[in-house]
Amino acid sequence: MSYKGLDYETLNENVKKVQYAVRGELYLRASELQKEGKKIIFTNVGNPHALGQKPLTFPRQVVALCQAPFLLDDPNVGLVFPADAIERAKHYLSYTSGGLGAYSDSRGLPGIRKEVAEFIERRDGYPSDPELIFLTDGASKGVMQILSTIIRGEKDGILVPVPQYPLYSAAIALFGGSLVPYFLEETANWGLDVNNLHSSVAQARSKGITVRAMVIINPGNPTGQCLSEANLKEILHFCNQQNLVLLGDEVYQQNIYQDERPFISARKVLMDMGPPISKELQLVSFHTVSKGYWGECGQRGGYFEMTNIPLETVDEIYKVASISLSPNVPGQIFLGLMVNPPKPGDISYLQFMRESKGILESLRRRAQIMTDGFNSCRNVVCNFTEGAMYSFPQIRLPPKAIEAAKKAGKVADVFYCLKLLEATGISTVPGSGFGQKEGVFHLRTTILPAEEDMPAIMESFKKFNDEFMEQYEDHRGYSRM
C-alpha cells in the first residue's frame, strides 16, 4: 500500500508526540456532554471572559474606534465615546500604515514597542530597548518562536518546572528537543530548590543531553506560587554558572493575591545584581494581554523582550518572524493599552481603576474560597494560590480507586476528573497533564468562575469528592506525600 503525504502513518513523528492536556480528553468529553445539553463549567483553561469576567471599558472603546475609524469623523462621536478614548484611538491609528487592516512590521508596530519599553523601564527601573522587543500573537507564539530557535535536535534539553504548563512539553516535543524536568516542592508551597536544578542537569548530561535553557513560570502555572527575590537570584546565578538561557514566563504578573511576595521580574533582579552577570546572562521575558485583570485571551496580544542576546541572533529571530509577515494588529493595540493605561487626571482613569481593582479584589477572594473549599474535602490538600489563576489541589486517591482506574484503562487522576465531570459538570485538567511525582495525583482548576457561583461550585465538588472517597476508601487513612 502506498501512503499519501498527509496519511497518519507518514506524519512528522514529532507532531504525534505532542500532548496538550488543557484541551485533551477531559475537554473533549466536556464538549460532548455540553452538546448533549449538560451544563458544563469550563474551569480547564484560564479564559476569564468565557467565565463571565467583563471586558475593561476603556480599551474596548479605543479598539472599537480603531476598528471603525469612520466613527471618528461623526460629529456625534463625543456623545458616545470619552475624549481620551477618541484621542488614544487617533494616536494608535497614526502608528499604522493603513489602519488595523494593514500589516505591521514583523516585530510589531514601532510606536507600541516603544510604549512596551517605557512600561518595562517604569516597572524595573532600568531602560529597555524597543529594538529588542517583539510583539506576538499572545505569549505562546513568542515562547514557541524562541524554543524553535534554541532547539537544534533531540540532544538539546530545556529545563522545565514540574508541574508545568503543557505549552512547554508540547513545544519541546514538536521541535524535537528533550524536556529536562525539575520538580517544585509541594510541601514548601511549590518552592524551587536549586539543588534539584543541579541534579536535573547532571542527570540529563549523563544521558548525553546538552541543557540549553531554563524555563521559570512566575507566578506559577498550575501551582500559583510567586518566586521571591532571593529565589530569583539563585536561579540567575545557576543559569550563569551553567551557561543557560533563562526564559521568564511572567504572564501572570498582575495576578497577585498576597502581600508578602509581590511580583518582581527576573530582568529587574538581574539588573540589580550588576556586572558582570547583568551584562552576560541571556534572558527572554514574556508577557500578554490574556491574563491579569485584562483577560483578553481571544485578542492574542503579547510580547517578548530579549536581554543580552547577540544582535546576529536577534536578526535571525526577526527573519523567522518575517515569514508570518505581521502579528495581529488589534492585539498590538490592546498590548499598547495594557502597558499605557489611563493616567490620573484622564477622563477614563477613575472608571478604569474601579474596574481593574474590582476584578483583582474579587480574584483574591475567589482564590481563598477555592483553597478553603478544597481543604475542607476528604483526602484533598491544597496550597493557597499566591498568584496566577489556578488552584492545584492534591487528591489522595485510595488504592481501590487507582485499581479501578487501571481496569478502565485510565491514569488515576484522569479517572477521577472524568467522574467529577460526569457527576457535576465541572471540567478540570488532571495533574498528570502538567507532570507530578510518581504516585501523587492532582487536578488543576481555574479560580475564574463568578464569585457568586463559587460557593455552589465548591459545595458540588465536595459532595462528589466525599462520595467518591466513601466508595473507594478502605478507611485506613492517608498521609500527604
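Residues numbered from 1 in each chain as written. Predicted model: local features only at pLDDT ≥ 70, side-chain atom pairs only at ≥ 80, totals over all residues. Heavy atoms only, no water.

## Notes on the pattern of salt bridges
Inference 1: Per the counting criterion, the structure on display carries 25 salt bridges.
Inference 2: Asp-156 is the salt-bridge partner of Arg-212, the closest N and O atoms lying 3.7 Å from each other. Of the two residues, Arg-212 is situated in strand β5 (residues 210-217) and Asp-156 in strand β3 (residues 156-162); the sequence distance between them amounts to 56 residues.
Inference 3: Take Arg-212: its relative accessible area is 26%, and that puts it in the partly exposed class.
Inference 4: Its salt-bridge partner being Glu-470, residue Arg-378 comes within 3.0 Å of it at the nearest N-O pair. Highlighted residues: Arg-378 in the loop between α15 (349-375) and β9 (380-381) and Glu-470 in helix α18 (residues 454-472), separated in sequence by 92 residues.
Inference 5: For Arg-378, a relative accessible area of 27% corresponds to the partly exposed category. (Salt bridge = Lys/Arg side-chain N within 4 Å of Asp/Glu carboxyl O. Helix = DSSP H or I, 4+ residues; strand = E, 2+ residues; numbered from the N terminus. Buried < 20%, exposed > 50% of the residue type's maximum accessible area, 1.4 Å probe, protein only.)

## Considering the side chain of Ser-427
Inference 1: Relative to the assigned elements, Ser-427 resides in strand β12 (residues 426-427).
Inference 2: The contact partners of Ser-427, leaving out residues within four places of it in the chain, are Leu-26, Ala-30, Ile-40, Ile-41, Phe-42, Thr-43, Asn-44 and Leu-421. (Contact = heavy atoms within 4.5 Å.)

## Details of the environment of Val-80
Inference 1: Within the element layout of this structure, Val-80 appears in helix α4 (residues 77-80).
Inference 2: Residue Val-80 is classed as exposed on the basis of its relative accessible area of 61%.
Inference 3: Along the chain, Val-80 and Lys-16 lie 64 residues apart, while their C-alpha atoms are 51 Å from each other.

## Side note on helix α8 (residues 167-174)
Inference 1: With six of eight residues buried, α8 is to be regarded as a mostly interior element.
Inference 2: Considered for burial, the residues of α8 that qualify are Leu-167, Tyr-168, Ala-170, Ala-171, Ile-172 and Ala-173.
Inference 3: Among the structural elements, α1 (13-17), α7 (138-150), β3, β4 (178-183), β5 and β6 (245-249) are those in contact with the buried residues of α8.
Inference 4: Once α8 ends, the next one or two residues include Gly-176, with phi positive near 80°.

## A short note on the state of the cysteines
Inference 1: Applying the stated criterion to the full structure yields zero disulfides.
Inference 2: Cys-417 carries a free sulfur, and the closest cysteine sulfur to it, the one in Cys-382, is 13 Å from it.
Inference 3: Overall, Cys-417 belongs to the buried group, its relative accessible area being 1%. (Disulfide = S-S within 2.5 Å.)

## Section: the confidence of the model for the protein chain
Inference 1: Averaged over all residues, the pLDDT of the protein chain is 93; the fraction at 70 or higher stands at 98%.
Inference 2: Predicted confidence for residues 477-481 stays below pLDDT 50, and this span has 17 contacts to residues more than four positions away or in other chains. (pLDDT = per-residue confidence, 0-100.)

## A short note on the packing of α15 against α18
Inference 1: The interhelical angle for the contact between α15 and α18, taken along N-to-C directions, is 20°, at an axis separation of 10 Å. Taken together, the axis directions place α15 and α18 in an arrangement best described as roughly parallel. In this structure, α15 crosses over α18, and the sense of that crossing is right-handed. Contacts from Arg-366, Ile-369, Met-370, Gly-373 and Phe-374 in α15 reach Met-454, Met-458 and Phe-461 in α18.
Inference 2: Of the residues that constitute the contact of α15 with α18, the class distribution is six nonpolar, one polar and one charged. (Axes fitted to C-alpha atoms, helices over the stretch in contact; angles between N-to-C directions. Parallel < 35°, antiparallel > 145°, perpendicular 65-115°, else oblique. Left-handed = near helix turned anticlockwise from the far one by under 90°. Nonpolar A, V, L, I, M, F, W, Y, C, P; charged D, E, K, R; others polar.)

## Quick word on the environment of Gly-358
Inference 1: By the element assignment, Gly-358 lies in helix α15.
Inference 2: The sequence separation of Gly-358 and Tyr-293 amounts to 65 residues, and the corresponding C-alpha distance is 8.9 Å.

## Focus: empty space enclosed by the protein
Inference 1: Scanning all chains against the criterion turns up three cavities of 30 Å³ or more.
Inference 2: Looking at the largest cavity, its volume works out to about 70 Å³.
Inference 3: Taken together, Pro-161, Pro-163, Tyr-182, Leu-184, Leu-192, Ile-216, Ile-217, Gly-220, Asn-221, Thr-223, Gln-225 and Leu-227 make up the lining of the largest cavity.
Inference 4: For the lining of the largest cavity, the residue count by class is eight nonpolar, four polar and no charged.
Inference 5: Roughly 50 Å³ of internal volume is contained in the second largest cavity.
Inference 6: Forming the walls of the second largest cavity are Thr-43, Met-370, Phe-374, Ile-426, Thr-428, Leu-443, Thr-445, Ile-457, Met-458 and Phe-461.
Inference 7: Within the residue set of the lining of the second largest cavity, elements represented by two or more residues are α15, β14 (443-446) and α18.
Inference 8: The biggest single contributor to the lining of the second largest cavity is α18, with three residues. (1 Å grid on protein atoms, 1.4 Å probe; cavity = no way out; pocket = protein on both sides within 12 Å on 5 of 7 lines; lining within 4 Å. Points joined across faces, edges and corners; volume = space filled by probe spheres on them.)

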